[in-house]
Amino acid sequence: MNDVMTQVYQYGFAVSDILLYLDTHPEDQEALTYYKNMREARDAAVSAYEDQYGPLTIDGVKDCADYWVWVNGPWPWEGGAGKCGTMRKGSNTR
């Protein structure tokens, strides 16, 4: 697994974990600050991943205002790369 994807997982776990804590401690300012920092770090990691490999989720599809292109062109295992809504070549999680 590449370093950027590892960061996505790590920060995503931290966000999920602190959200559980905040369910029972909603006024803990230190926890709220930690949540904000981890969310920003996760968003930055996701953005870095998507810049290099393409969208991780449907929310990562950009610049597709006129038509739906998620399924246009070759799929990642067919060598698809760099189009809006398609993953880039060599993008797997192994």
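Residues numbered from 1 in each chain as written. Predicted model: local features only at pLDDT ≥ 70, side-chain atom pairs only at ≥ 80, totals over all residues. Heavy atoms only, no water.

Before going further, it helps to spend a moment on the overall build of the chain. When helices and strands are counted, the chain shows two helices and zero strands. Summing over all exposed atoms, the chain offers an accessible surface of approximately 6,700 Å²; the carbon and sulfur share of this is 52%. (Helix = DSSP H or I, 4+ residues; strand = E, 2+ residues; numbered from the N terminus. Areas by Shrake-Rupley, 256 points an atom, 1.4 Å probe, with all protein chains shown as cover.)

Turning to the confidence of the model for the chain, a few remarks are in order. Summing up the model confidence of the chain, the mean pLDDT is 80 and the portion of residues at 70 or higher is 66%. A low-confidence stretch, residues 82–87 stays under pLDDT 50, and its non-local contacts, those more than four residues away or across chains, total 22 contacts. (pLDDT = per-residue confidence, 0-100. Contact = heavy atoms within 4.5 Å.)

Another aspect to go through is the nonpolar core. Grouped together as the largest cluster of nonpolar side chains are six residues: Val4, Met5, Val8, Ala45, Tyr49 and Tyr53. Every element with two or more residues in this core is listed here: α1 (3–24) and α2 (29–53). In this structure Met5 touches Tyr49 and Leu56, once residues within four positions along its chain are discounted. (Core = buried A, V, L, I, M, F, W, Y, C linked by side-chain atoms within 4.5 Å. Buried < 20%, exposed > 50% of the residue type's maximum accessible area, 1.4 Å probe, protein only.)

Turning next to the pattern of salt bridges. In the structure shown here, the tally under the stated rule is two salt bridges. Here Asp43 and Arg42 are joined by a salt bridge, their closest N and O atoms 3.0 Å apart. (Salt bridge = Lys/Arg side-chain N within 4 Å of Asp/Glu carboxyl O.)

This next bit is on the packing of α1 against α2. Axes are the key here: two packed helices are described by the angle between their axes and the distance separating the axes. Packing of α1 against α2 brings their axes to within 8 Å, and their N-to-C directions diverge by 155°. By the angle class used here, α1 and α2 are roughly antiparallel. Regarding α1 and α2, the two cross each other, and that crossing is left-handed. Of the residues contributing to the contact of α1 with α2, the split by class is 20 nonpolar, three polar and two charged. (Axes fitted to C-alpha atoms, helices over the stretch in contact; angles between N-to-C directions. Parallel < 35°, antiparallel > 145°, perpendicular 65-115°, else oblique. Left-handed = near helix turned anticlockwise from the far one by under 90°. Nonpolar A, V, L, I, M, F, W, Y, C, P; charged D, E, K, R; others polar.)

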